[in-house]
Amino acid sequence: MSDLIAKAASLDARDQLAKHRGLFALDDGVVYLDGNSLGALPRHVPGRMADVITREWGELRIRSWDESGWWTAPERIGDRIAPLVGAAPGQVVVGDSTSVNVFKALVAAVRLADRAGGEDRDEIVVDATTFPTDGYIAESAARLTGKRLVAAAPGDLAGTVGPRTAVALVNHVDYRTGRLHDLPGITAAVHAAGALAVWDLCHSAGALPVDLDAHGVDLAVGCTYKYLNGGPGAPAFLYVAERHQAGFDSPLPGWNSHADPFAMTPGYAAAEGAARGRVGTPDILSMLALEASLDVWDGVPVEVVRAKSLALTDFFLECVGAYVPEGRVTSVTPEAHGERGSQVSLRCVEAHAVMKELIARGVVGDLRRPDVLRFGFTPLYVSFADAERAARVLADVLSESTG
């Protein structure tokens, strides 16, 4: 045990991101490993929100749409997120929930495929291990567009797509296991079949390089309240590759995406660029909280974040292997770095009771029923000492339980 405590101290002393921990509101007595569900609060955000509420809303009121930049926030904040997912400016817009953006992206992608001469492409392929909402939305989109839904495990997707495929919807990281799927390879396979690729980045944006432009992704969506620390209910983002923007036909053509929204004309004419992904009036309070939260990313290369994420999860698994009684947990997260996101999932028969006790002892993770303990590692604020303590407390809890 002392050797691993010393190793944690040594790793923390060499950590390039250690100074960022002080930017977040964290309790010294708590190990927070649930940033893959809700990121920690950056300390400066309450001050920024106090100004938004008291001055921009309270004093300027309606003038803030222009004078405080409220109207341009969806594209402005999208351009701040863009480098974190490997996108050039003008391709990311912020607004609505992930679910709404999945719907917009999927239906618009089908329409793009149909207009490209894909009348015989009557299938939407969906990741069989997907987060449930994506599956629900895909089923609805299939009904709406007259397509047939085909489920395939990401590892089998290259062999599933073909001449009947219009669109494939895939999660970059499996929310249960933390498995990282092959975005470059799957995207290439989808394109080779003549179809479009839509990616869900909820568990990868802010945790690892995504490189949307470099890998030719067509459309992508992601949330901002996990590794991007935007706050509960923070608006999601939508990526539309520049080459598709002129043909992007949103199934939700709200007034905010109109070419001249204040003309209030009865006919709809789509705006240029990523603004086509807007729908209705933006949720300004949540959006500006997200914008302030993104300040913690200034000067932080995603590659450095990824390196620390892998080191943290490696070290946590090492500590679990050293501390936890044999046979009590089994990792379902891949060991290979190229197949791992930024979380570790452990199968445990007593998962519910164990996680409840971990939280009571100051180690906050979460679980996925029936038997998976999830530990999310956010490199901007999680330390190696946190990883060691979490494994040690987990071992204590399991040693004290009857099994």
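Please refer to the structure placed before this passage.
Residues numbered from 1 in each chain as written. Predicted model: local features only at pLDDT ≥ 70, side-chain atom pairs only at ≥ 80, totals over all residues. Heavy atoms only, no water.

**Student:** What's the story with the overall build of the protein in this structure? I'm lost.
**Tutor:** When helices and strands are tallied, the protein shows 13 helices and 13 strands. Here the C-alpha atoms of the protein give a radius of gyration of 22 Å, agreeing with the 22 Å that 2.2 N^0.38 yields for 403 residues. For the protein, the spread of C-alpha atoms along the principal axes amounts to about 70 × 55 × 35 Å. With 403 residues in all, the protein has 56% of them scored as buried. (Helix = DSSP H or I, 4+ residues; strand = E, 2+ residues; numbered from the N terminus. Rg over C-alpha atoms; globule rule 2.2 N^0.38 Å. Buried < 20%, exposed > 50% of the residue type's maximum accessible area, 1.4 Å probe, protein only.)

**Student:** Is there a simple way to explain the packing of helix 2 (residues 45-60) against helix 10 (residues 284-293) in this structure?
**Tutor:** Angle between the axes and distance between the axes are the two parameters that describe a pair of packed helices. For the pair helix 2 and helix 10, interaxial distance at closest approach is 9 Å and the crossing angle is 140°. It follows from the interaxial angle that helix 2 and helix 10 lie oblique. Crossing hand, helix 2 versus helix 10: right-handed. Residues Val45, Arg48, Met49, Val52, Ile53, Glu56 and Trp57 of helix 2 touch helix 10, and the partners they reach there are Leu285, Leu288, Ala289, Ala292 and Ser293. Of the residues that constitute the contact of helix 2 with helix 10, the class distribution is nine nonpolar, one polar and two charged. (Axes fitted to C-alpha atoms, helices over the stretch in contact; angles between N-to-C directions. Parallel < 35°, antiparallel > 145°, perpendicular 65-115°, else oblique. Left-handed = near helix turned anticlockwise from the far one by under 90°. Contact = heavy atoms within 4.5 Å. Nonpolar A, V, L, I, M, F, W, Y, C, P; charged D, E, K, R; others polar.)

**Student:** Got a minute to help me understand a nonpolar patch on the surface in this structure?
**Tutor:** A contiguous nonpolar patch, built from Ile53, Trp57 and Leu285 and spanning about 280 Å² of accessible area, is present on the exposed surface. A relative accessible area of 48% places Trp57 in the partly exposed class. (Patch = residues over 30% accessible without salt bridge, like charges linked within 9 Å, V, L, I, M, F, W, Y side chains within 5 Å. Areas by Shrake-Rupley, 256 points an atom, 1.4 Å probe, with all protein chains shown as cover. Salt bridge = Lys/Arg side-chain N within 4 Å of Asp/Glu carboxyl O.)

**Student:** When you look at the side chain of Arg328 in this model, what are you seeing that I'm missing?
**Tutor:** Note on placement: Arg328 falls in the loop between helix 11 (302-323) and strand 9 (330-331). A distance of 2.9 Å separates the side chain of Arg328 from the backbone oxygen of Leu398, its partner in a polar contact. (Polar contact = N/O pair within 3.5 Å; in protein donor to acceptor, adjacent residues only side chain to side chain.)

**Student:** Looking at this structure, I do not really get the pairing of strand 13 (residues 372-376). What am I missing?
**Tutor:** Remark: a regular strand shows side chains that alternate across the two faces of the sheet. Taking burial as the measure, the five residues of strand 13 include five buried ones, the bulk of the element. Burial along strand 13 is two-sided: the face carrying Val372, Arg374 and Gly376 and the face carrying Leu373 and Phe375 are both buried. One ladder, built from five bridges, connects strand 10 (residues 343-347) with strand 13; its direction is antiparallel. When the sheet's bridge partners are listed, Arg347 is paired in strand 13 with Val372. Pairing of strand 12 (residues 366-368) with strand 13, which is carried by three bridges, proceeds in the antiparallel orientation. (Pairing = 2+ DSSP bridges.)

**Student:** Would you explain the side chain of Asp366 in this entry?
**Tutor:** Along the chain, Asp366 turns up in strand 12. Note on Asp366: relative accessible area 9%, which makes it buried. Of note is the side chain of Asp366, whose polar atom sits 2.8 Å from the side chain of Ser37. What Asp366 contacts, discounting residues up to four positions off in sequence, is Asp34, Ser37, Met355, Val372, Leu373 and Arg374.

**Student:** When you look at the sheet that holds strand 10 in this model, what are you seeing that I'm missing?
**Tutor:** Through backbone hydrogen bonds, the strands of a sheet pair up, either in parallel or in antiparallel fashion. Sheet architecture is open: four strands sit in the order 9-10-13-12, paired in antiparallel fashion. Unpaired on one side and paired on the other, strand 9 and strand 12 mark the two borders of the sheet. Running over the sheet, helix 12 (residues 351-360) touches strand 12 and strand 13 and is turned about 35° from strand 13.

**Student:** Would you mind showing me how to read helix 8 (residues 183-192) here?
**Tutor:** The periodicity of an α-helix, 3.6 residues per turn, causes residues three or four positions apart to be oriented the same way. Residues of helix 8 that are buried include every one of Leu183, Ile186, Thr187, Ala189 and Val190, and no others. End-on, the buried residues of helix 8 take up no more than an arc of 160°, which puts them together on one face. Where the residues of helix 8 are buried, they touch helix 7 (157-160), strand 5 (165-171) and strand 6 (196-200). One side-chain oxygen of the residue at the start of helix 8 lies 2.9 Å from the amide nitrogen of Gly185, identifying that residue as Asp182. Note on helix 8: the residue one or two positions beyond its end, Gly194, has a positive phi of about 85°. (Arc of directions from axis to C-beta.)

**Student:** Explanation requested: the environment of Asp156 in the structure shown.
**Tutor:** Mapping Asp156 onto the fold places it in the loop between strand 4 (148-152) and helix 7. Once the C-alpha coordinates of Asp156 and Ala128 are considered, the two residues, 28 residues apart in sequence, prove to be 9.9 Å apart.

**Student:** Looking at this structure, how should I read the pairing of strand 6?
**Tutor:** Taken across its five residues, strand 6 has five buried, putting it largely inside the fold. By the alternation rule, side chains of strand 6 split into Leu196, Val198 and Asp200 and Ala197 and Trp199, which are all buried. In the classification by handedness, the crossover that spans strand 5, the intervening helix 8 and the parallel strand 6 is right-handed. (Right-handed = clockwise from strand over helix to strand, strands pointing away.)

**Student:** Would you take a moment to explain helix 6 (residues 132-145) for this structure?
**Tutor:** Relative to the 20 Å expected for 14 residues at 1.5 Å per residue, helix 6 spans 20 Å between its end C-alpha atoms, a close match to the ideal helical length. The inward-facing, buried residues of helix 6 abut helix 5 (98-115), strand 3 (123-127), strand 4, strand 5 and strand 6. (Expected span 1.5 Å × (residues − 1).)

**Student:** What's the story with the pattern of salt bridges in this structure? I'm lost.
**Tutor:** A side chain with one charge can pair with a side chain of the opposite charge if their charged atoms come near. If you walk through the whole model with that rule in mind, you get 28 salt bridges. A salt bridge links Glu123 to Arg148; the shortest N-O distance between them is 2.3 Å. Here Glu123, found in strand 3, pairs with Arg148, found in strand 4; they are 25 residues apart in sequence, far enough to count as distant. Salt-bridge contacts for Arg179 lead to Glu339; the nearest nitrogen and oxygen are separated by 3.2 Å.

Just distances and angles here, no functional claims.
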